[in-house]
Amino acid sequence: MRFRVSQELRQPVGTEFTIELRHRSLFLDDDATLADLRGNADLLRTDRGLLAMVRATAQIRSTCSRCLAPTKSPIEIDFKEEFIPLIDPVSGKHITPAEAEDGFVIDARLMLDLGESLRQYALISSPIKPLCQPDCAGLCSTCGANLNGSRCSCPPQTGGRWQALAALNAKDHEGS
């Protein structure tokens, strides 16, 4: 999501602009994609660059953390970040990297790229363990069958650390 901001950077400090955000798909990481992004970026000219105040809604497409089925989760993205240009828009003089180090930058062609900031804030806003449905049963630990559709044919497992409790339960049933 790149926008040319050469004219905006030549305006006096305090000038405000609005950019409409609409994007179909944005890659977030190996497992998630941001889809159907809609919102606004209000830009405020500061003494160093542009302050972007972004409010947007989108869908995160990922996989269920229990059954690995595709899932969609609605999210809201809301952040403020200052973007510092790498060159002065009036003089063309390069700005030292130390001045632009603490925030996002506007490249040498005066293009504002909101993609990385949107990606970072979308990841922060996304669910930690996305689920396809609130009561997802997950996968069988033995055969790997999806337990949401039907039960698998594996026998119930009572072994290891639960074996002592299973023996107590069996004694209890024998005595009644």
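Here's a quick rundown of the structure. Treat the numbers as computed from the prediction; the structure is a model and nothing was measured.

Structural notes on unusual backbone geometry
- Residues other than glycine seldom take positive phi values, yet Leu 68 does so here, at roughly 65°.
- Judged by its relative accessible area of 56%, Leu 68 falls in the exposed class.

Quick look at the pattern of salt bridges
- In the structure shown here, the tally under the stated rule is six salt bridges.
- Its salt-bridge partner being Arg 119, residue Glu 116 comes within 3.1 Å of it at the nearest N-O pair. Here Glu 116 and its partner Arg 119 are both found in helix H3 (residues 115-125), three residues apart, which amounts to about one turn of the helix.

Quick notes on the side chain of Asp 107
- Looking at where Asp 107 falls in the secondary structure, it is placed in the loop between strand S6 (104-106) and strand S7 (111-113).
- Here the side chain of Asp 107 touches Arg 2 through a polar contact of 3.0 Å, side chain to side chain.
- At 2.8 Å, the side chain of Asp 107 forms a polar contact with the backbone nitrogen of Met 111.

Details of the packing of aromatic side chains
- The full count for this structure, using the stated rule, is two aromatic pairs.
- Both rings, one in Phe 79 and one in Tyr 121, keep their centres 4.3 Å apart while their planes meet at 5°; by these two values the pair is stacked. In this pair, Phe 79 sits in strand S5 (residues 70-85) while Tyr 121 sits in helix H3, placing the two residues 42 residues apart along the sequence.
- Taking the relative accessible area as the measure of exposure, Phe 79 reaches 4% and is therefore buried.
- Centre to centre, the rings of Phe 83 and Phe 104 are 5.3 Å apart; their planes meet at 25°, and the pair counts as stacked. Separated by 21 residues along the polypeptide, Phe 83 in strand S5 and Phe 104 in strand S6 bring together distant segments of the chain.
- For Phe 83, a relative accessible area of 1% translates into the label buried.

Scoring rules and cut-offs
- Residues numbered from 1 in each chain as written.
- Predicted model: local features only at pLDDT ≥ 70, side-chain atom pairs only at ≥ 80, totals over all residues.
- Heavy atoms only, no water.
- Buried < 20%, exposed > 50% of the residue type's maximum accessible area, 1.4 Å probe, protein only.
- Salt bridge = Lys/Arg side-chain N within 4 Å of Asp/Glu carboxyl O.
- Helix = DSSP H or I, 4+ residues; strand = E, 2+ residues; numbered from the N terminus.
- Polar contact = N/O pair within 3.5 Å; in protein donor to acceptor, adjacent residues only side chain to side chain.
- Phe/Tyr/Trp six-rings, centres within 6.5 Å; stacked < 30°, edge-to-face > 60°.

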